[in-house]
Amino acid sequence: MEFPKKNSVNKTGKSEGVGTTDIIIVGAGVAGAALAYSLGKDGHRVRVIERDLNAPNRMAGESLTPGGYLNVGSIDCVDEIDAQQLLGYTLYKDGKEARVSFPLEKFQSHVAGRTFHNGRFIQRLRKKVASLHNVSLEQGTVTSLIEENGIVKGVHYKNGNGKLLTTYAPLTIVCDGCFSNLRRSLCYSKVDIPSYFVGLTLTNCNLPKENYGAIILAHPSPIVFYQISSTEIRCMVNVPSENVPSVSNGEMACYLKTQVAP
Ligand SMILES: Cc1cc2nc3c(=O)[nH]c(=O)nc-3n(C[C@H](O)[C@H](O)[C@H](O)COP(=O)(O)OP(=O)(O)OC[C@H]3O[C@@H](n4cnc5c(N)ncnc54)[C@H](O)[C@@H]3O)c2cc1C
């Protein structure tokens, strides 16, 4: 997908200045893109700099609760991406099951959770952002924040051609995800990883109850299933981090078959 690239370039020293704007947003994941859309709709001039404008290929962020849907539903982000309605989850344990439904009685019938391919959803959100005339969405990697007397004045970044650029704004918002290189000084950087999610995509099979995800409360950890398109189901298995088997040598497949599947 192509996004417009709006740059007016002025020379300033080693890197080129690309002018000022009201707000710089670093990162166009769900947080950066949704914020850019909202601020752009309010009339602000926003420059969004995203490291990779291709569709992300990840299994995180594949579901919206009904509350999330109500927020983004109004900007059509789950249309045309084969998103599936989610009404709740069925829990399974020791041969028993319990259904947990979202409390949707007071809402119109289209209000429900949604599940989808993360990359399709993010691209749809970015397309909405790029459609606003006062928002520019461009590919580039922010290399550092420009700080003067403890105040962030702008950013240095490398654009898609490797050119070093500089831009300034009264407000810079960093939405570069949980592995941020830019927010290290602002928060405690040690991250504890108690477990990993391992994901599989299952094709052409059905969940037991239409529009309901499934959670199996199994030993050693839970397994989650939900539809991500009309033909695909995501299966996510939580694996404790102290013994993550290798995918490349087949240990993971063996672990899933012998430890998880039974
Ligand atoms: C296994 C798993 C499942 C999850 N499932 C769900 C779910 O079902 N529903 C849900 O709501 N949430 C879910 N989450 C959480 C969700 O994925 C995150 O909360 C969400 O992705 C955070 O969004 P973000 O925009 O802050 O960061 P990200 O999605 O990580 O986006 C950050 C963006 O910044 C860009 N970037 C990074 N560094 C730079 C830089 N230096 N310069 C320019 N750009 C940069 C990246 O390319 C990226 O596009 C899940 C998480 C995991 C791990």
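What you see is a predicted model, and the numbers here were worked out from it, not measured in a lab. (Residues numbered from 1 in each chain as written. Predicted model: local features only at pLDDT ≥ 70, side-chain atom pairs only at ≥ 80, totals over all residues. Heavy atoms only, no water.)

1. Observations regarding the site of the ligand
Defined as follows: Each residue is tested against the molecule or strand, and it is near if at least one of its non-hydrogen atoms lies within 4 Å. Polar contact is defined as a pair of N or O atoms within 3.5 Å, subject to the rule that within protein one atom must be able to donate a hydrogen and the other to accept it, and that residues adjacent in sequence are counted only when both atoms are side-chain atoms. Under the convention used here, a 1.4 Å probe and the Shrake-Rupley method define accessible areas, while residue burial counts only the protein chains that appear. Helix numbering and strand numbering both begin at the N terminus, where a helix is a DSSP run of H or I of at least 4 residues and a strand a DSSP run of E of at least 2. Polar here means any residue other than Ala, Val, Leu, Ile, Met, Phe, Trp, Tyr, Cys and Pro, which are nonpolar, and Asp, Glu, Lys and Arg, which are charged; Gly is therefore polar.
Lining the immediate surroundings of the ligand are 21 residues, of which Ala31, Glu50, Arg58, Ser63 and Val142 lie closest. One nitrogen or oxygen atom from the main chain of Gly61 is found 3.1 Å from a nitrogen atom belonging to the ligand. Relative to its unbound accessible surface of 1000 Å², the ligand loses 67% to contact with the protein. Contributing elements (two or more residues each) for the shell around the ligand: α1 (30–41), β4 (46–50) and β10 (135–148). In the shell around the ligand, the residues fall into eight nonpolar, seven polar and six charged.

2. Some details on the UniProt feature "domain: FAD dependent oxidoreductase" (unreviewed entry) in the protein
Short version of the rule: UniProt positions are given in the numbering used here, feature names are shortened, and annotations may be inferred rather than shown by experiment.
Summarizing the sequence annotation, UniProt attributes the feature "domain: FAD dependent oxidoreductase" (unreviewed entry) to residues 22–52 in the numbering used throughout. Segment residues 22–52 splits into 39% helix and 29% strand. End C-alpha atoms: 23 Å apart.

3. A word on the side chain of Thr90
Stated precisely, the cut-off is as follows: Categorising residues by exposure relies on relative accessible area from a 1.4 Å probe, with only protein chains included: less than 20% of the type maximum marks a residue as buried, more than 50% marks it as exposed, and the intermediate range marks it as partly exposed. Pairs of residues are marked as contacts when any of their non-hydrogen atoms sit within 4.5 Å.
Residue placement: Thr90 occurs in strand β7 (residues 88–93). Residue classification places Thr90 among the buried positions, given a relative accessible area of 0%. Residue contacts for Thr90: discarding those within four places in its chain leaves Glu97, Ala98, Arg99, Lys209, Tyr212, Gly213, Ala214 and Ile215.

4. Concerning the pattern of salt bridges
Charged atoms that come close allow side chains of opposite charge to pair. Under the convention used in this document: Between Lys or Arg on one side and Asp or Glu on the other, a salt bridge is scored when a side-chain nitrogen of the former is within 4 Å of a carboxyl oxygen of the latter.
Evaluated as defined, the whole model comprises seven salt bridges. The closest approach of N and O atoms between Glu138 and Arg47, which form a salt bridge, is 2.7 Å. Here Glu138 is found in strand β10, whereas its partner Arg47 is found in strand β4, with 91 residues between them in sequence. Assigned by exposure class, Glu138 and Arg47 land together as buried. Between Arg183 and Asp176 there is a salt bridge, and its shortest N-O distance comes to 3.1 Å.

5. A few points about the confidence of the model for the protein
So the rule is basically this: Scored from 0 to 100, pLDDT records how confident the predictor is in each individual residue.
Of the residues in the protein, 94% reach a pLDDT of 70 or more, and the chain-wide mean stands at 89. Note that pLDDT drops below 50 for residues 4–13; the model gives that stretch 25 contacts with residues more than four away or on any other chain.

6. Some points on the UniProt feature "domain: Squalene epoxidase" (unreviewed entry) in the protein
In the numbering adopted here, UniProt assigns the feature "domain: Squalene epoxidase" (unreviewed entry) to residues 169–262. Taken end to end, residues 169–262 comprises 11% helix and 34% strand; its first and last C-alpha atoms sit 56 Å apart.

7. Points about the sheet that holds strand β15 (residues 212–216)
Where we set the bar: Pairing between strands requires that DSSP locate at least two bridges from one strand to the other. Here, axes are lines fitted to C-alpha atoms. For helices the fit covers the stretch in contact, and angles between N-to-C directions go from 0 to 180 degrees.
If you walk across this open sheet you meet the six strands as β8-β7-β15-β16-β17-β14, and the pairing is mixed. Strand pairing shows two members of the sheet lacking a second neighbour, β8 (96–101) and β14 (195–203), which therefore form its edges. Between one strand and the next, the sheet's axes are offset by a mean angle of 20°, whatever the strand orientation. Sheet topology places strand β16 (residues 223–227) next to strand β17 (residues 232–240); five bridges connect them, and they run antiparallel. Along β17, the bridge assignment pairs Ile223 with Val237. Contacts from helix α4 (residues 251–260) reach β14, β16 and β17, with the element oriented near 90° to β17.

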